Amino acid sequence: MPRKVNIGIIQMESKLGDVEANLRKAEEYIKEAASKHSDIVCLPELFSTGYNLRYLGEKTNELGLKYFHQSVDFLSQVAAKYKLYIIAPIAEKRELEGVLYNSALMFDREGQLMGSYAKSHLWALERFYFKEGSHYPVFETDFGKVGIGICYDAGFPEVARSLTLQGADILFFPSAWRIEDEDMWNLNLPQRALENLLFTVGVNAVGSSHDLHLFGKSKICNPRGTILTECEIDEEIVQVTTIDLDDIAKFRTEISYLRDRKPSIYQKLTEI
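Residues numbered from 1 in each chain as written. Predicted model: local features only at pLDDT ≥ 70, side-chain atom pairs only at ≥ 80, totals over all residues. Heavy atoms only, no water.

1. A few points about the sheet that holds strand β6 (residues 138–140)
In spatial order, the strands read β6-β7-β8-β9-β12-β13; together these six strands make up an open sheet with mixed pairing. Pairing within the sheet leaves two strands with one partner each, and these edge strands are β6 and β13 (227–230). Strand-to-strand twist across the sheet, computed as the mean angle between neighbouring axes with direction ignored, equals 20°. (Pairing = 2+ DSSP bridges. Helix = DSSP H or I, 4+ residues; strand = E, 2+ residues; numbered from the N terminus. Axes fitted to C-alpha atoms, helices over the stretch in contact; angles between N-to-C directions.)

2. Considerations on helix α1 (residues 19–35)
Across its 17 residues, α1 extends 24 Å between first and last C-alpha, which sits within 8% of the 24 Å expected from 1.5 Å per residue. Looking at the packing, one finds that the buried side of α1 touches β1 (4–11), β2 (40–42), α3 (58–82), β3 (85–93) and β14 (237–244). Residue H37 follows α1 closely and has a positive phi angle near 70°. (Expected span 1.5 Å × (residues − 1). Contact = heavy atoms within 4.5 Å.)

3. Concerning the environment of Y82
Relative to the helices and strands, Y82 is located in helix α3. Sequence separation between Y82 and L56 is 26 residues; the distance between their C-alpha atoms is 32 Å. If we ignore the near neighbours within four places in the chain, the residues touching Y82 are E27, I30, K31 and A34. At 3.5 Å, the side chain of Y82 and the side chain of K81 are in polar contact. (Polar contact = N/O pair within 3.5 Å; in protein donor to acceptor, adjacent residues only side chain to side chain.)

4. Details of unusual backbone geometry
Here L197, not a glycine, exhibits a phi torsion of approximately 55°, which is positive. Relative to the helices and strands, L197 resides in the loop between α6 (182–196) and β9 (199–204). For D234, which is not glycine, the phi dihedral falls at a positive 60°. Tracing the backbone shows D234 in the loop between β13 and β14.

5. Concerning empty space enclosed by the protein
By the definition in use, this model includes one cavity of 30 Å³ or more. The volume enclosed by the largest cavity comes to roughly 50 Å³. V19, S48, T49, L63, G64, Y67, F68, S71, I90 and A91 are the residues that line the largest cavity. Those elements giving two or more residues to the lining of the largest cavity turn out to be α3 and β3. (1 Å grid on protein atoms, 1.4 Å probe; cavity = no way out; pocket = protein on both sides within 12 Å on 5 of 7 lines; lining within 4 Å. Points joined across faces, edges and corners; volume = space filled by probe spheres on them.)

6. Digging into a nonpolar patch on the surface
Where nonpolar side chains cluster on the molecular surface, the patch consists of I265, Y266 and L269 and spans about 330 Å² of accessible area. Counting through the fold element by element, I265 comes out in the segment after α7 (246–254). (Patch = residues over 30% accessible without salt bridge, like charges linked within 9 Å, V, L, I, M, F, W, Y side chains within 5 Å. Areas by Shrake-Rupley, 256 points an atom, 1.4 Å probe, with all protein chains shown as cover. Salt bridge = Lys/Arg side-chain N within 4 Å of Asp/Glu carboxyl O.)

7. Structural notes on the sheet that holds β14
In spatial order, the strands read β5-β4-β3-β2-β1-β14; together these six strands make up an open sheet with mixed pairing. Each edge of the open sheet is held by one strand with a lone partner, namely β5 (113–118) and β14. When strand polarity is set aside, the average angle formed by the axes of neighbouring strands in this sheet is 30°. Contacts from α1 reach β1, β2, β3 and β14, with the element oriented near 40° to β14.

8. Considering the side chain of T164
Position of T164 among the secondary structure elements: in helix α5 (residues 157–165). Its relative accessible area of 7% is what places T164 among the buried residues. At a separation of 3.3 Å, a polar atom in the side chain of T164 contacts the side chain of N196. (Buried < 20%, exposed > 50% of the residue type's maximum accessible area, 1.4 Å probe, protein only.)

9. Regarding the pairing of strand β11 (residues 212–215)
Strand direction decides the pairing type here: strand β10 (residues 206–209) and β11, joined by four bridges, are antiparallel. Bridge assignment links S208 to a residue of β11, and that residue is H213. Counting the residues that bridge the hairpin from β10 to β11 gives two residues, and of these H210 lies at a positive phi of roughly 50°.

10. Looking at α3
If you check α3, its first and last C-alpha atoms are 34 Å apart, about what 25 residues at 1.5 Å a residue would give, namely 36 Å. The sharpest bend along α3 measures roughly 55° and falls at Y67. Within the span of α3, buried status applies to T60, N61, L63, G64, Y67, F68, S71, V72, L75, V78, A79 and Y82. Residues of α3 that are buried sit in contact with α1, α2 (53–56), β3, β4 (100–107), β5 and α4 (126–129). (Bend = angle between axes of the 7 residues up to and from the residue.)

Keep in mind these numbers describe shape, not what the thing actually does.
Below, the structure written as C-alpha cells:
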C-alpha cells in the first residue's frame, strides 16, 4: 500500500444560501486539485450553504433538507469523475425526518458514499439547528485510515485520541473558524498532531460578511506538530501537499506518548 499521499486543501469562500453555486465552485476547485494529483480533498465546514447561522438561521436547515440528495449525487459524480476521495461537509439528513446534522460526508474514488461523521461538539447557535453526533468513525482508504472532526471538535483532545486509538493516520478538521479565535486554531491543530503522533489537516473557510470573519490559514501538521503547509489568511486557494505516512511509525518510535499511556489511572475522565 502506498504511504505517500497528496492532500488537497480547498480553502474557499461560499456564497451564503446559494447551494448550487457553491457546489459548482467546489467542483472547479476539486478539478484543480485533481490536476495536481490529489488523492484526497477536503472542503470547509458547511461549504454548500455557507456558514453564518446568525444570518441564515432556519434557512440553513431549509436549504440542507431541500438540497441534501442533490448534493450527495453531485459530489458522488465529482469524486468518480476525478478519481479521488472527497471529504464534503454539509448539513446531513439521516433517519429522523426534519432533523439535520452538521456533518462531513466521505466519498471514495469511485464515487461511493463511504459514510459520514456528525459533529459531536456543537458550537454556539449550532445546537439550535443541528443534532449532535455521538460516534467517531474511521474510514479505510487505499493509502491509510482517515478520521474526521469538525471545527470546534479540534479543541477537544478526546476526539483526536478516540480516532487515533481506532488506527487513524490522518485527522481532517474541516472548519468555519472565526478570526477572533485565530490563536486557538494555531495551537489546536499542531497539538492534536503531537499528542497522537499523526498528521492533522485543518481546512478553514474564508470570507467576511454580516459580522463573521472566517480567515482561512488552513494547515497540515506532521506527527511532531510541525506545520508543513499553511495557507494565506483571507485567500481562496487550492493547496496540494505530499505527506509520507511512514513518518508516523518513525515518530512513534522516537516519542513515547502513545506507548507510555496509563488508561487505568485516567478513570476520573469518565466520572464527570
